[in-house]
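The lines below spell out each chain.
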Amino acid sequence: MYKQKTTNAANQTGLAASIETPEPAANGGGYIVTNLSGVPANYRGVFVKAQTRINSFIRTKKRRVRINGKVVLVGINIDASVRPIDGPGGVLGRAGPTAVASSDRLPVTGIMQFDTADLAEMARRGTLEDVILHEMLHVVGSGTLWAYKGLIVGAGGSNPRFMGRNAIAEYRRISSGNPTSIPVEGDGGQGTRDSHWDERAFGDELLTGFLSGRKRPLSRMSLASLVDMGYKIDLRKADPYRLPSLEEGMMSSILHAPYIMERPDFDVLDAVDDIQDFDNAA
Ligand SMILES: [Zn+2]
């Protein structure tokens, strides 16, 4: 998440509201289905937009998973909510997976919770859409599943690196030299470091840990990192992106707002019981 100071143990929701098979038409049958009943009507559109964007590049098939004793065909069910937490600043919210499937170790359910006061401020500044997309990608697993998937080395140290080969291949396409790993954010506290691309190296890219710039592209490297986690992804859906120049990198580190959200203090990963995945069997 974009980070800002320490989180508290806010009430967490349980599993996403049950989603039956077949999907309600309103959700378009996409891999991600977001329950927006806890989101005020004026904010729902931006959540839907983020969901639509992510569903446009995830090609992974849904699988049958037992949730609360009920077998459902599911990609990721997300419970989104907006509620007063602590006023402007401080805790902005949290987002991440709450359960993964034991078969593919990818998220089945997740939450996105935002502080009413901060959401209003982000809407005013025009950053809300990118922040929602960034947070929803944390639910998908970006940053939140790197350690679980064995994709990061040096976590907790001064030079954490992402090791996924698909993302590295994309990094090589845009960088000089022949890098064998990707620099991960080593600054900021828990929730920023070890779970984002390094701000100095990647500037305004959407999945750095600090909100900066006016446009925040979602690069092929970021999409390829989802492939490293086990997703099937259409990389052509990435935004155009180039690395910041040395000068821009220095400017960025001076000018960017040290944004600003807190990582969820839950760790993912109670596997749910899978039954046979008919779609992918044999
Ligand atoms: Zn983040």
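Since we're looking at a predicted model, the values are computed, not measured. (Residues numbered from 1 in each chain as written. Predicted model: local features only at pLDDT ≥ 70, side-chain atom pairs only at ≥ 80, totals over all residues.)

Novice: What is the right way to read the overall build of the protein chain from this model?
Specialist: Helix and strand counts for the protein chain stand at seven helices and 10 strands. By the burial criterion, 45% of the 282 residues in the protein chain qualify as buried. Put simply, of all contacts in the protein chain between residues at least 6 apart along the chain, 68% involve residues at least 24 apart. (Helix = DSSP H or I, 4+ residues; strand = E, 2+ residues; numbered from the N terminus. Buried ≥ 20, exposed ≤ 12 C-beta atoms within 10 Å, placed from the backbone. Contact = placed C-beta atoms within 7 Å.)

Novice: How should helix α6 (residues 220-229) be read in this particular structure?
Specialist: One turn of an α-helix holds 3.6 residues; hence residues three or four places apart share an orientation. By the criterion of burial, α6 is predominantly enclosed, with nine of the 10 residues buried. Packing partners of the buried residues in α6 comprise α3 (128-140), β8 (161-162) and α4 (165-174). Within two residues after α6, G230 carries a phi angle of roughly 120°, on the positive side.

Novice: Mind showing me how you'd approach the confidence of the model for the protein chain here?
Specialist: The predicted model of the protein chain averages 81 in pLDDT, with 78% of residues at 70 or higher. Note that pLDDT drops below 50 for residues 254-260; the model gives that stretch 14 contacts with residues more than four away or on any other chain. Per-residue pLDDT stays below 50 along residues 274-282; that stretch engages in 17 contacts with residues further than four places along the chain or on separate chains. (pLDDT = per-residue confidence, 0-100.)

Novice: How should I be thinking about the pairing of strand β5 (residues 93-101) in this particular structure?
Specialist: Across the nine residues of β5, nine count as buried, placing the element largely inside the fold. As paired strands, β5 and strand β6 (residues 107-115) are joined by seven bridges and run antiparallel to one another. For G96, the partnering residue across the bridge sits in β6 and is I111. Remark: five residues form the turn of the hairpin made by β5 and β6, two consecutive strands paired antiparallel; R105 in that turn has positive phi of roughly 55°. (Pairing = 2+ DSSP bridges.)

Novice: Just checking my understanding: could you explain the packing of helix α1 (residues 41-55) against α3 for this structure?
Specialist: Helix packing geometry: the angle between the two helix axes and the distance between the axes. Across the interface, α1 lies against α3 with an axial gap of 9 Å and an inter-helix angle of 50°. Looking at the two axes, α1 sits oblique to α3. Of the two possible hands of crossing, α1 and α3 adopt the one that is right-handed. On α3, the residues touching V46, F47, K49, A50, Q51, R53 and I54 of α1 are L128, E129, I132, L133, M136, L137 and V140. When grouped by side-chain class, the residues that make up the contact of α1 with α3 number 10 nonpolar, one polar and three charged. (Axes fitted to C-alpha atoms, helices over the stretch in contact; angles between N-to-C directions. Parallel < 35°, antiparallel > 145°, perpendicular 65-115°, else oblique. Left-handed = near helix turned anticlockwise from the far one by under 90°. Nonpolar A, V, L, I, M, F, W, Y, C, P; charged D, E, K, R; others polar.)

Novice: Explain α1 to me, please; I cannot follow it from the model alone.
Specialist: Taking 1.5 Å as the rise per residue, α1 with 15 residues should run 21 Å; its terminal C-alpha atoms sit 21 Å apart, in good agreement. Where α1 is concerned, the buried positions are F47, A50, Q51 and I54. Take α1 and look down its axis: the buried residues cluster within an arc of 100°, on one side only. Seen from the open side of α1, the exposed residues pointing more than 90 degrees away from its buried face are A41, N42, G45 and T52. Buried-residue contacts for α1 involve β1 (32-38), β4 (76-83) and α3. (Expected span 1.5 Å × (residues − 1). Arc of directions from axis to C-beta.)

Novice: How do you make sense of unusual backbone geometry when you look at a structure like this?
Specialist: When glycine is set aside, most residues are seen to have a negative phi, and most peptide bonds are trans. Of note, the phi angle at N68 is positive, near 50°, even though the residue is not glycine. Within the secondary structure layout, N68 lies in the loop between β2 (63-67) and β3 (70-74). With a phi angle near 55°, R105 is a residue other than glycine that sits in the positive phi range. With respect to the helices and strands, R105 occurs in the loop between β5 and β6.

Novice: What should I look at first to understand the nonpolar core in this one?
Specialist: In summary, soluble globular proteins display a tendency toward joint burial of nonpolar side chains. Membership of the largest hydrophobic core comes to 59 residues, with the highest contact counts inside it found for M112 and M136. Per-element tally for this core: the top contributor is α3, with eight residues. In contact with M112, not counting residues within four places along its chain, are I78, A80, A95, E135, M136 and V139. (Core = buried A, V, L, I, M, F, W, Y, C linked by C-beta atoms within 7 Å.)

Novice: Explain the sheet that holds strand β9 (residues 182-183) here, please?
Specialist: The pairing of strands in a sheet comes from backbone hydrogen bonds and takes either a parallel or an antiparallel form. Pairing is antiparallel across the open sheet formed by three strands, whose spatial order is β7-β8-β9. Looking at which strands have only one partner, the edges of the open sheet turn out to be β7 (152-153) and β9. Pairing of β8 with β9 involves two bridges; the strand directions are antiparallel. For F162, the partnering residue across the bridge sits in β9 and is I182.

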